[in-house]
Amino acid sequence: MDAQHGPVQDVSGLLQAWGRGNVDARDQLLPLVYQELHRRAAAYLRRERVGHTLQPTALVHEAYLRLVKQDRIAWQNRAQFFGVAAQMMRRILVDRARGRRMAKRSGRWARVTFDEAVALRQAPEVDLLDLDHALSELATFDARKSQIAELRFFGGLSLEETGHVLGVSVATVEREWQAARAWLHARLTRTPRHDA
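Residues numbered from 1 in each chain as written. Predicted model: local features only at pLDDT ≥ 70, side-chain atom pairs only at ≥ 80, totals over all residues. Heavy atoms only, no water.

Novice: An account of the overall build of the chain is needed here, citing residue identities and associated values.
Specialist: Per the secondary structure count, the chain includes eight helices and two strands. The helix and strand sequence of the chain, counted from the amino end, reads α-α-α-α-β-β-α-α-α-α. Per-residue burial over the chain gives 47% buried out of 196 residues. (Helix = DSSP H or I, 4+ residues; strand = E, 2+ residues; numbered from the N terminus. Buried < 20%, exposed > 50% of the residue type's maximum accessible area, 1.4 Å probe, protein only.)

Here's what the structure looks like:
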């Protein structure tokens, strides 16, 4: 309950109430966003390397725990929330990939598949740490294209949702997403795989 405005029913309203410090709104939010977070995590993990051990439920729970610790975000709406969730999922997956690499030192890569709908045309396997490095490199000279790729790839946001998060038109997102995919494809096909 938002003491000043009565019950808050929608996700954006709950996020805004949470941003004003309403902890009850934060607690009411999880059941409303859980299924969507789980769907996006499951879709992402289907593209991960064969034999990965992280389950969508664990990824959602870890991302949500990190999200509720965010006390400096002025939550605005659903799209922004899922955008931040995408960033959290990327960090979690990259941290796990680094941990596996350090623990095993066997030359096995944390692989993901760029599926046709979300990334490249041929769906090659890509090392997750190479992808993270490429996105960080892209951000040094074109932050928006890097953000678009992160939101689309890790968060599974639609073109419309991505535009809403970034405050740009769908046409701009589509154009920059195509350019980001082309750049990432070129960068990742010439990047040597991490082998240690």
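Novice: Explain helix H6 (residues 143-153) to me, and be specific about the residues and the numbers.
Specialist: Of all eleven residues in H6, eight are buried; the element is thus mostly enclosed. For H6, every residue scored as buried is listed here: Lys145, Ser146, Ile148, Ala149, Glu150, Leu151, Arg152 and Phe153.

Novice: Describe helix H3 (residues 56-68), with residues and values.
Specialist: For H3, which comprises 13 residues, the first-to-last C-alpha distance of 18 Å matches the rise-based estimate of 18 Å (1.5 Å per residue) to within 8%. If you check which residues of H3 are buried, you get Pro56, Leu59, Val60, Ala63, Tyr64 and Leu67. The buried residues of H3 occupy one face: seen down the axis, they fall within an arc of 125°. (Expected span 1.5 Å × (residues − 1). Arc of directions from axis to C-beta.)

Novice: Account for the environment of Arg40, naming residues and giving values.
Specialist: Within the secondary structure layout, Arg40 lies in helix H2 (residues 23-46). Here the alpha-carbon distance between Arg40 and Phe153, two residues 113 residues apart in the chain, equals 9.9 Å. Among all residues touching Arg40, those that are not within four sequence positions of it are Arg78, Phe82, Gly155, Gly156, Leu157 and Glu161. Looking at Arg40, its side chain comes within polar contact range of the side chain of Glu36, at 2.6 Å. Within the local environment of Arg40, its side chain forms a polar contact with the side chain of Glu161, the two groups lying 2.8 Å apart. (Contact = heavy atoms within 4.5 Å. Polar contact = N/O pair within 3.5 Å; in protein donor to acceptor, adjacent residues only side chain to side chain.)

Novice: So, the confidence of the model for the chain: which residues are in play, and what are the values?
Specialist: Summary statistics for the chain give a mean pLDDT of 78 and a share of 76% for residues scoring 70 or more. Across the chain, the element-wise mean pLDDT spans from 52 in strand S1 (residues 111-113) up to 92 in helix H8 (residues 170-190). This model gives residues 1-8 a pLDDT under 50, and the stretch forms 14 contacts once residues within four places in sequence are excluded. (pLDDT = per-residue confidence, 0-100.)

Novice: Talk me through the pattern of salt bridges; I want residue IDs and the actual numbers.
Specialist: Scanning the model with the defined rule gives 13 salt bridges in all. Between Arg26 and Asp27 there is a salt bridge, with the nearest N and O atoms lying 3.2 Å from each other. Looking at Asp27, the relative accessible area reads 45%, which means it is partly exposed. Shared partners join several salt bridges into a network, and the residues in it are Glu36, Arg39, Arg40, Arg78 and Glu161. (Salt bridge = Lys/Arg side-chain N within 4 Å of Asp/Glu carboxyl O.)

Novice: For the side chain of Glu36, give the residues involved together with the corresponding values.
Specialist: Locating Glu36 in the fold gives a position in helix H2. Here Glu36 falls in the buried class, since its relative accessible area comes to 18%. A polar side-chain atom of Glu36 sits 2.6 Å from a polar atom in the side chain of Arg39. Sequence-distant contacts of Glu36, that is, excluding residues within four places in its chain, are made with Arg78 and Phe82.

Novice: With reference to specific residues and values, describe the side chain of Gln80.
Specialist: Considering the arrangement of structural elements, one finds Gln80 in helix H4 (residues 78-104). By relative accessible area, Gln80 is classed as buried at 19%. In this view, Gln80 contacts Ile73, Ala74, Trp75 and Val165; residues no more than four positions away in its chain are not counted.

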